[in-house]
Amino acid sequence: MDVKIEPSWKAVLQDEFDKPYFAEVVSYVKSEIAAGQTVYPSGGLIFNAFNQTPFDKVKVVILGQDPYHGYRQAHGLCFSVPLGVSAPPSLVNIFKEIKDDLGIDPPSHGCLEAWTQQGVFLLNAILTVRANTPTSHSGIGWQTFTDAVIRKISDEKRGVVFLLWGNFARAKSALIDASKHHVLEAAHPSPLARGAFNGCRHFSKANNILQQQGLEPIDWRL
């Protein structure tokens, strides 16, 4: 089936797009919309993380669970919101950690596209959600697809820094070859974690790992 996605990702993932389960995922999402449900993000943004950060450019992976389910919040990049939308609580805590870690003041917006342009792949494990119903698309097959994405990065690249926050993301470490990649784990930045994310220093640690490999560090300013 034809999926509009950045060419390097399309080449790497073509086998997945051709599998029956993927057609079933697409069919389910289309049936939700046909039944009058609002699905986030909008169709053109479902693969935004892939289109913003080509496979060849991936240096850091941040893994989220599923898209924001509120009006205008989701745009296909985990933890990010479009310009003009207030930063959700988890993102506010991410910005606080960057301030504590690197001294960078929190930005006036919550759009993380500047990170994606530098090789930060902002992947949600589930790529769609029904409006106002968190994890509503968790069982339709997206995780089969995104698990394959993580495996492809692990198998075909080297030296990628994976930032896994919270138990859901940390469980994905089983898909990553830690002998050739770098896996940093922490609590989720959600306020429900009661500050356990604070002090993880993942942003400076990721940059140190990249620099040790002779790669440009990420400019975490927005």
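Refer to the structure above for everything that follows.
Scope of this entry: the structure provided in the associated data block. In this text the structure is predicted, and so the values were computed from the model without any measurement. (Residues numbered from 1 in each chain as written. Predicted model: local features only at pLDDT ≥ 70, side-chain atom pairs only at ≥ 80, totals over all residues. Heavy atoms only, no water.)

1. Some thoughts on the nonpolar core
Part 1 of the argument: By size, the foremost hydrophobic cluster in this structure holds 70 residues, and its most contacted members are Phe 50, Trp 142 and Phe 145.
Part 2 of the argument: Not counting the four nearest positions on each side in its chain, Phe 145 is found in contact with Leu 13, Glu 16, Phe 17, Tyr 21, Phe 22, Phe 47, Phe 50 and Leu 127. (Core = buried A, V, L, I, M, F, W, Y, C linked by side-chain atoms within 4.5 Å. Buried < 20%, exposed > 50% of the residue type's maximum accessible area, 1.4 Å probe, protein only. Contact = heavy atoms within 4.5 Å.)

2. Re the pattern of salt bridges
Part 1 of the argument: A full pass over the atoms with the stated rule returns 8 salt bridges.
Part 2 of the argument: Among the ionic pairs, Arg 130 bridges to Glu 32, the shortest N-O distance being 3.0 Å. Taken as a pair, Arg 130 in strand β4 (residues 129-130) and Glu 32 in helix α2 (residues 20-34) lie far apart in primary sequence, 98 residues in all.
Part 3 of the argument: With a relative accessible area of 22%, Arg 130 lands in the partly exposed category.
Part 4 of the argument: With a shortest N-O distance of 2.7 Å, Arg 221 and Asp 219 are connected by a salt bridge.
Part 5 of the argument: Of the residues examined, Asp 219 reaches a relative accessible area of 30% and is grouped as partly exposed. (Salt bridge = Lys/Arg side-chain N within 4 Å of Asp/Glu carboxyl O. Helix = DSSP H or I, 4+ residues; strand = E, 2+ residues; numbered from the N terminus.)

3. Re the packing of helix α1 (residues 7-17) against helix α6 (residues 142-156)
Part 1 of the argument: The contact between α1 and α6 brings their axes to 11 Å, and the two run at 130 degrees. It follows from the interaxial angle that α1 and α6 lie oblique. Considering the relative orientation of α1 and α6, their crossing is right-handed. For the pair α1 and α6, contact is made by Trp 9, Val 12, Leu 13, Glu 16 and Phe 17 and by Phe 145, Ala 148, Val 149, Lys 152, Ile 153 and Glu 156, respectively. (Axes fitted to C-alpha atoms, helices over the stretch in contact; angles between N-to-C directions. Parallel < 35°, antiparallel > 145°, perpendicular 65-115°, else oblique. Left-handed = near helix turned anticlockwise from the far one by under 90°.)

4. A word on the sheet that holds strand β6 (residues 182-186)
Part 1 of the argument: Reading across the sheet, the 4 strands line up as β3-β2-β5-β6 and stay open at both edges, with parallel pairing between neighbours. The sheet terminates laterally at β3 (120-124) and β6, the two strands that pair on one side only. Ignoring strand direction, the axes of neighbouring strands in this sheet form an average angle of 20 degrees.
Part 2 of the argument: By the bridge criterion, 5 bridges tie strand β2 (residues 60-64) to β3 in an arrangement that is parallel. When the sheet's bridge partners are listed, Leu 63 is paired in β3 with Leu 123. (Pairing = 2+ DSSP bridges.)

5. Points about the state of the cysteines
Part 1 of the argument: Taken as a whole and assessed by the stated rule, the structure comprises 0 disulfides.
Part 2 of the argument: The structure places no disulfide on Cys 200, whose sulfur is separated from the nearest cysteine sulfur, that of Cys 78, by 14 Å.
Part 3 of the argument: A residue is classified by how much of its surface remains accessible, and Cys 200, at 10% relative accessible area, is buried. (Disulfide = S-S within 2.5 Å.)

6. Things to note about unusual backbone geometry
Part 1 of the argument: Cis rather than trans, the peptide bond between Tyr 40 and Pro 41 has omega equal to -10 degrees.
Part 2 of the argument: Relative to the helices and strands, Pro 41 resides in the loop between β1 (39-40) and α3 (48-52).
Part 3 of the argument: Phi is positive for Phe 79, close to 70 degrees, though the residue is something other than glycine.
Part 4 of the argument: Within the secondary structure layout, Phe 79 lies in the loop between β2 and α4 (89-102).
Part 5 of the argument: For Arg 201, which is not glycine, the phi dihedral falls at a positive 55 degrees.
Part 6 of the argument: Tracing the backbone shows Arg 201 in the loop between β6 and α8 (202-212).
Part 7 of the argument: The class for Arg 201 is partly exposed, based on a relative accessible area of 38%.

7. Some details on the packing of aromatic side chains
Part 1 of the argument: Under the counting rule described, the total for this entry stands at 22 aromatic pairs.
Part 2 of the argument: Here Trp 165 and Phe 197 contribute two aromatic rings whose centre-to-centre distance is 5.0 Å and whose plane-to-plane angle is 75 degrees, an arrangement assigned as edge-to-face. Here Trp 165 is found in strand β5 (residues 161-165), whereas its partner Phe 197 is found in the loop between β6 and α8, with 32 residues between them in sequence. Phe 197 carries the same exposure label as Trp 165, and that label is buried.
Part 3 of the argument: With a centroid separation of 5.0 Å and an interplanar angle of 80 degrees, the aromatic rings of Phe 203 and Trp 220 are classed as edge-to-face. (Phe/Tyr/Trp six-rings, centres within 6.5 Å; stacked < 30°, edge-to-face > 60°.)

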